[in-house]
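Take a look at the letters that make up each chain.
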Amino acid sequence: MAKHIPFITGLDACSIVSETYSDSEIVRVPLDSVSRYVPLLPQNTRLWVDPCVDGMDSLGTRVGRPWYKFMAQFTHFETVGSADFWDRPLSGQVEEFVNSLLDVANQSSPSWISVPQLPLVDDSRRNKINKALAVATGKWRAASGFTGKLILPLIVTHQRQTNLKTSRNPKVSAAIDCYSRAAADGIWVVDKSLDDESGSPTLRDNRFPGLIALHQELNQGISPVIRCAGPYWGLSLLLQARQLIDYPAIGVGSGYQYFLAGGHATTPSAKVAIVPLRRRVAYGSELRAWLDQSIPLTAAGSSERDALQSLRHNFATFSSQTRARRQIASFYKDWCNAIEAMPQPQGRYLFLDLANAYAFGKSLPEILGEEGGARRPEAIANSLMTSCL
């Protein structure tokens, strides 16, 4: 079974998982969408059910949203979601909330369930509520007889929390404490503020090193059985290649950045994968013009030229968002498989793979449909490759 974990965020993603990712060892599904998504997944799919308590990050902004209406059924939901309650959480109310929540999560017979946790903030003001949620989860596990795995989420909300060791230290200590109190089996880390397709130099210089160090420090302090990160575009694959995680969380043709539960839904912009560059780009007339300009600059008979010509030949079909998502998902699946199939050290393989993409991109003109540093074709490979080893 494949180690990468598709994160299901919509009905279309279910069909893509059935078509492209049916060999995934496990699939993550939000609790509020289990009844809609699970019947559309391959039969006997192992489930990771996430109660998506991270939406309580800002409860007032989610009133009236479907997620809020779903969560309102759980005992003391609004109380536990109040910032005033976080300063002095009452264990009895927290336990009743957690019990009602996890009892429902357990009804779909999941293999994994996420420990309810709020996202990180810069200071320590959420430590008490996260500790109380972890303690309540540990008690629920003992009382319920749950035999699956519990996964502790660590959701970073700003690079200030990870770039420097002085900021990471208290976050790592709090995570280790919650991991123990919840009797968790694994940890899932994601930086919701990270867009690793932006092409920004700060990714290479600050953000990737900070997140890599965070995973190293967590591994030293916890030694979890299950280690997961993402979804990102390339960083989760990089962390897997460096053996810092076991399971890269992945988008399914879209969704390569994490969004907290219950927020306002956004329609993703249409994109397609440029396979030899190991990246996505915006679909439109600028991309078509770039292909027409770049194909003659590419060596005749090369795999790179074949890939660009194929994309140009089928260009009109990708005006369909569905077709475009499937094209990305197919490429990404092949990329994941290639990395997983390589002998250790996989980091060296990924470095060479990205170095080839970087060298190819350097020979091509800017992609005018992109923004900032991402206009350079090699930008995404460049930001990732230096962190591979």
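The coordinates are above.
Model, not experiment: these values are computed from the prediction. (Residues numbered from 1 in each chain as written. Predicted model: local features only at pLDDT ≥ 70, side-chain atom pairs only at ≥ 80, totals over all residues. Heavy atoms only, no water.)

Draft legend 1. Examining the overall build of the protein chain more closely. The helix and strand tally for the protein chain stands at 15 helices and ten strands. The C-alpha radius of gyration of the protein chain comes to 21 Å, within 12% of the 21 Å expected for a compact globule of 389 residues. The principal-axis extent of the C-alpha atoms belonging to the protein chain is close to 70 × 45 × 40 Å. Here the protein chain, with 389 residues, has 53% of them falling under the buried criterion. In the protein chain, 67% of the contacts between residues at least 6 apart in sequence involve partners at least 24 apart. Taken together, the 40 basic and 36 acidic charged side chains of the protein chain have centroids lying 1 Å from each other. (Helix = DSSP H or I, 4+ residues; strand = E, 2+ residues; numbered from the N terminus. Rg over C-alpha atoms; globule rule 2.2 N^0.38 Å. Buried < 20%, exposed > 50% of the residue type's maximum accessible area, 1.4 Å probe, protein only. Contact = heavy atoms within 4.5 Å. Lys, Arg positive; Asp, Glu negative; His and termini not counted. Charge placed at Lys NZ, Arg CZ, Asp CG, Glu CD.)

Draft legend 2. Broad picture of the pairing of strand β5 (residues 149-156). Taken across its eight residues, β5 has seven buried, putting it largely inside the fold. Two strands pair when backbone bridges link them, and strand β4 (residues 112-114) and β5 are joined in this way by three bridges, in the parallel orientation. Considered in β5, the bridge of I113 is made with L150. Inspection of the sheet shows β5 paired to strand β6 (residues 186-191) by six bridges, in the parallel sense. Paired with L154 across the two strands is V189, which belongs to β6. Taken together, β5, helix α8 (residues 165-181) and β6 form a β-α-β motif whose crossover is right-handed. (Pairing = 2+ DSSP bridges. Right-handed = clockwise from strand over helix to strand, strands pointing away.)

Draft legend 3. Local environment of the pattern of salt bridges. Per the counting criterion, the structure on display carries 23 salt bridges. Here K139 ties to E95 by a salt bridge, and the two come within 2.8 Å at their closest N and O atoms. Of this pair, K139 sits in helix α7 (residues 127-144) while E95 sits in helix α6 (residues 91-105), and the two are 44 residues apart along the sequence. One salt-bridge network, in which partners are shared between bridges, spans D12, E19, R325 and R326. (Salt bridge = Lys/Arg side-chain N within 4 Å of Asp/Glu carboxyl O.)

Draft legend 4. The sheet that holds strand β7 (residues 226-229), seen in detail. One open sheet accounts for eight strands, arranged β1-β8-β7-β6-β5-β4-β3-β2; its pairing is parallel. Two strands bound the open sheet, and with one partner strand each, they are β1 (5-6) and β2 (27-30). Across the sheet, helix α9 (residues 201-222) touches β5, β6 and β7, and the angle it forms with β6 is around 165°. (Axes fitted to C-alpha atoms, helices over the stretch in contact; angles between N-to-C directions.)

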